[in-house]
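Spelled out, the chains give:
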Protein chains: 2
Amino acid sequence: MHASGSLETLMAASLSSSPNSSSSSCSSPCSLRIGIVGFGAFGQFIAKTLVKQGHSLSAYSRSDYSLICSQMGITYFREIDQFCMVEHDVILISTSILSFGDMLNLIPFHCIPKPMLMVDVLSVKEFPRDHFLQVLSQEFDILCTHPMFGPESGRNGWSGLPFMFDKVRISKDDHRSKICDDFLHIFKLEGCRMVEMSCEEHDQLAAQTQFITHTMGRILSELDIKPTPVDTKGFQSLLALRDNTMKDSFDLYSGLFNHNRFAIQEWLRLEHAIEAVKTKLLKDKDHALDAVTTKFLRDKKHESN
Amino acid sequence: MHASGSLETLMAASLSSSPNSSSSSCSSPCSLRIGIVGFGAFGQFIAKTLVKQGHSLSAYSRSDYSLICSQMGITYFREIDQFCMVEHDVILISTSILSFGDMLNLIPFHCIPKPMLMVDVLSVKEFPRDHFLQVLSQEFDILCTHPMFGPESGRNGWSGLPFMFDKVRISKDDHRSKICDDFLHIFKLEGCRMVEMSCEEHDQLAAQTQFITHTMGRILSELDIKPTPVDTKGFQSLLALRDNTMKDSFDLYSGLFNHNRFAIQEWLRLEHAIEAVKTKLLKDKDHALDAVTTKFLRDKKHESN
């Protein structure tokens, strides 16, 4: 729904007074009022399941998603101020890594009813943790999460897929800690494998796994690999990896590198591994390779002229 | 069966006079007498299906495979001279790329009853083609093939898997061309996707696909990637690729590189692709990387001291 001005205020009030959307009165996991900031592909992907589970959703995004929100039964706000006045239980930031800082700068935190649980879903974790800790007062609880899947890998449900989280700062207050547990319950309910670890440990492991995976996909894309009549199963898995990687933006890949302090080390380890394979492969062939390299570079230069 | 001396001669005679093993008298595809030279993992893998289809098999290998041959109902010869005296319809060379030349030098071609269809199954194709053409007189027909699968990828049958072949030199004589067609029928019968192309075209495509796949697997192995609690599906596919690649010997990988003249170009294209990704990724980060590279190399040096 694309509301504006006083209509938005009215809807905000309506959302907050909805009888089944207050979590303060139930002890078992219950319906949450969740505000999503950033409603791109990933935000929509997550929202589908939140709606299915019966949570009340509102969304703010810089691009106009009023139509898709209305189709999904989600209240859409075009003004961040109006969005922030809504009595949410949770605000979920679902922007790209690249625009996370800008978005936090845009949010009028003083307007947000408190206490409030702030959650992010970025593929790097120290970066949003540090941002949150810098701008959020103690009245905000902080939960950093990384659902290790997306629209492609989570297409057939989330069962067995890893959901990493770090309770960076959750008040011991019963109500506030219950909101956090209820939010985590969403992913437990879908069958996710719940992995609690520190943001630092996540970034170390993600650099060794997710960053390397994206790097391989990007290299294969640059190499312009193509199906042939004689593809082995192994090669077909490379084609699939390339295709899946290229569905994600270069901004995501750049974010995995630039906002994870462990990634640069993994890049260097990769270069080291390539050199090691080359050394084993060539042995006495160095002169042959030198000659072909010279020819190859000359051809490349010729191509680009 | 581990026969020797005159016993081998006896068995050779027995094999050649087996009533259902002569293909000269049937017009539809019929049972072939196939001699396999080299009975390692791949030879055994192929032999299982040949036996299942009812062909008569004998095998020669430098290592002693008498026990496994006896279990499979295959006549095993420890002497190449005795093996060559058997009246086969087809001799299938199933050695590694590395020992293919040595094995051809070992075979007393003058002892082999002619005409004879010679077949190879190497992962490179110009190399065995050239060897065959160099040592084989016109009385030998030459069929170069590459079943693009192995014990792992073909574990659940060969249906839909590509079988490449090049009829390098097949006599127009009815009987001789029928032997070739009957041999190819073996793979058609298993549901293989039959791909006829020249050895040159195969090597071009295999360098772009199979060699790159093995290279990626070897790089991931050098990188020593490991499962973590937060693996994405994409990373799991890299772990599987690494595991499958490392089931093959380094000799195979080395053969894919050293005996396919198109492979070196693909290695250089790979290095070029890596540089292209790095350039996009770094942009203004060069100085940062330089600093980390220096530290990384210092640490590596420290490790190895």
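The rules we used
Numbers given for residues are sequential positions, taken from 1 along each chain in its written order. A letter from A marks each chain and a number from 1 marks each ligand, given out in the order of writing. Given that the model is predicted, a residue must reach a pLDDT of at least 70 before its local features are reported, and side-chain atom pairs must reach 80 or more before they are shown or counted; all residues, however, enter totals for whole chains, interfaces and linings. Each side-chain value is worked out from all heavy atoms of the structure, with water and hydrogens disregarded. Note on conventions: DSSP H or I runs of at least 4 residues are helices, E runs of at least 2 residues are strands, and numbering of each starts at the N terminus. Only heavy atoms enter the contact rule, under which two residues are in contact if any of them lie within 4.5 Å. Least squares is the method for superposing the copies, and the C-alpha atoms it fits come from residues with pLDDT of at least 70 in both. A carboxyl oxygen of Asp or Glu within 4 Å of a side-chain nitrogen of Lys or Arg is what we treat as a salt bridge. Whenever two N or O atoms come within 3.5 Å, that pair is a polar contact, provided that in protein one can donate a hydrogen and the other can accept it, and provided that, for residues adjacent in sequence, both atoms are side-chain atoms. Each residue is assigned to one of three classes by its accessible area relative to the maximum for its type, calculated with a 1.4 Å probe on protein chains only: buried under 20%, partly exposed between the two thresholds, exposed over 50%. A clockwise path from the first strand over the helix to the second, with the strands pointing away from the viewer, defines a right-handed crossover. Between any two strands, pairing holds if DSSP finds at least two bridges. Segmentation of the chain into domains, including their bounds, is taken from an automatic or database domain assignment. By definition, the buried area sums, over both parts, the 1.4 Å-probe accessible area that each loses when the two are put together. A pair of Phe, Tyr and Trp rings is counted when the ring centres sit within 6.5 Å of each other, with Trp represented by its six-membered ring. The angle between the planes then sorts it: under 30 degrees is stacked, over 60 is edge-to-face, the rest tilted. Orientation is described by axes fitted as lines to C-alpha atoms, over the contacting stretch for helices, and by angles from 0 to 180 degrees between their N-to-C directions. Throughout this description, any angle smaller than 35 degrees is read as roughly parallel, any larger than 145 degrees as roughly antiparallel, any in the 65 to 115 degree range as roughly perpendicular, and the remainder as oblique. Note on convention: near helix rotated counterclockwise from far helix by under a right angle means a left-handed crossing. Clockwise means right-handed. Each residue receives one of three labels: charged for Asp, Glu, Lys and Arg, nonpolar for Ala, Val, Leu, Ile, Met, Phe, Trp, Tyr, Cys and Pro, and polar for the others, Gly being one of them.

> Whenever I open this one, the environment of F39(B) confuses me. Can you help?
All names here are of chain B. Residue placement: F39 occurs in the loop between strand 2 (33-37) and helix 2 (41-52). Once the C-alpha coordinates of F39 and F109 are considered, the two residues, 70 residues apart in sequence, prove to be 19 Å apart. Ignoring anything within four residues of it in the chain, the contact list for F39 reads Q44, A47, A59, Y60, S61, Y65, I68, C69, M72 and I74.

> Just checking my understanding: could you explain the relation of the copies chain A and chain B for this structure?
Mapping between the two chain copies consists of a rotation about an axis together with a translation along that axis. With an RMSD of 0.0 Å, the operation that places chain A on chain B is a rotation of 180° combined with a shift of 0.0 Å along the axis. Such a combination of turn and shift is consistent with a two-fold rotation axis. Closest approach to the rotation axis among the C-alpha atoms of chain A is made by S237(A), whose C-alpha sits 3.6 Å away. Mapped onto chain B, 100% of the interface residues of chain A again fall at the interface, so both copies present the same surface.

> Even after reading the chapter, I still don't get the interface of chain A and chain B, so can you show me in this structure?
By convention, interface size is frequently given as the accessible area that disappears when the constituent parts associate. Each side of the interface is counted separately: chain A has 62 residues, and chain B has 62 residues. At the surface where chain A touches chain B, the tally comes to four salt bridges. When the shortest N-O distance is used, the salt bridge between E271(A) and K278(B) registers 2.7 Å. Where chain A touches chain B, the interface holds ten residue pairs in polar contact (both at pLDDT 80 or more). At 16 residues, helix 11 (residues 263-282) of chain A tops the list of elements feeding residues into the side of chain A that touches chain B.

> How do you make sense of the pairing of strand 7 (residues 140-147) of chain A when you look at a structure like this?
Each regular strand shows side chains that alternate between the opposite faces of the sheet. All names here are of chain A. Counting buried residues along strand 7, eight of its eight residues qualify, which places the element largely inside the surrounding structure. Judged by which residues are buried, strand 7 turns out to be covered on both faces: F140, I142, C144 and H146 on one side and D141, L143, T145 and P147 on the other are all buried. In the classification by handedness, the crossover that spans strand 6 (residues 116-120), the intervening helix 6 (residues 126-135) and the parallel strand 7 is right-handed. In this sheet, strand 8 (residues 162-169) lies alongside strand 7 in antiparallel orientation, the contact comprising five bridges. Paired with H146 across the two strands is M164, which belongs to strand 8.

> Is there a simple way to think about the domain arrangement of chain A in this case?
All names here are of chain A. Per the domain assignment, the segments of chain A are domain 1 (2-196) and domain 2 (202-304). Each partner contributes to the interface: domain 1 provides eleven residues, whereas domain 2 provides 13 residues. Across the interface of domain 1 and domain 2, roughly 1100 Å² is buried in total on both sides, 60% from carbon and sulfur atoms. Three residues, I97, L98 and E126, lead the burial of domain 1 against domain 2; their summed loss comes to 39% of the area buried on that side. In this assembly, domain 1 and domain 2 are joined by two salt bridges. The residue E152 makes a salt bridge to K247 at a minimum N-O spacing of 3.1 Å. Between domain 1 and domain 2 we count five residue pairs in polar contact (both at pLDDT 80 or more) in total.

> I keep staring at the packing of aromatic side chains and nothing clicks. Help me out?
The way to describe two aromatic rings as a pair is by their centre distance and the angle between their planes. Per the counting criterion, the structure on display carries 34 aromatic pairs over all chains. For the ring pair F77(A) and F83(A), a centre distance of 6.2 Å and an interplane angle of 75° mean the geometry is edge-to-face. Residues F77(A) and F83(A) agree in their burial class; the two are buried. Taking 5.7 Å as the distance between ring centres and 10° as the angle between the ring planes, the aromatic pair formed by F211(B) and Y253(B) counts as stacked.

> Is there a simple way to explain the pairing of strand 6 (residues 116-120) of chain B in this structure?
All names here are of chain B. Counting buried positions along strand 6 gives five out of five residues, so the element sits mostly inside the fold. Neither face of strand 6 is exposed, since M116, M118 and D120 on one face and L117 and V119 on the opposite face are all buried. Bridge count between strand 5 (residues 90-93) and strand 6: four bridges; the pairing is parallel. Bridge pairing in strand 6 links L92 to V119. Relative to strand 7 (residues 140-147), strand 6 runs parallel, the two sharing five bridges. Looking at the pairing, D120 lines up with C144 of strand 7.

> Help me out: how do you make sense of the pattern of salt bridges in this one?
Pairs can form between side chains of opposite charge once their charged atoms are near each other. Residues and elements named next belong to chain A. Tallying each qualifying case throughout the model produces 34 salt bridges over all chains. D89 is the partner of R33 in a salt bridge, and the nearest nitrogen-oxygen pair spans 2.8 Å. Here R33 is found in strand 2 (residues 33-37), whereas its partner D89 is found in the loop between helix 4 (80-85) and strand 5 (90-93), with 56 residues between them in sequence. The residues R33 and D89 share a single accessibility class, namely buried. For D181, the salt bridge is made with K167, and the minimal N-O distance between the two is 3.2 Å. One end of the pair, D181, is in helix 7 (residues 174-189); the other, K167, is in strand 8, and 14 residues separate them in sequence.

> In this structure, what is going on with the packing of helix 8 (residues 199-222) of chain A against helix 8 (residues 199-222) of chain B? I would like to understand it.
The relative placement of two packed helices is expressed as an angle between their axes plus a distance between the axes. In the contact formed by helix 8 of chain A and helix 8 of chain B, the axes pass within 13 Å of each other and the chain directions differ by 155°. Comparing their axes, helix 8 of chain B and helix 8 of chain A come out roughly antiparallel. Crossing geometry of helix 8 of chain A relative to helix 8 of chain B is assigned as right-handed. Seen from helix 8 of chain A, the contacting residues are I212(A), M216(A), I219(A) and L220(A); seen from helix 8 of chain B, they are I212(B), M216(B), I219(B) and L220(B). Within the contact of helix 8 of chain A with helix 8 of chain B, the residues separate by chemical class into eight nonpolar, no polar and no charged.

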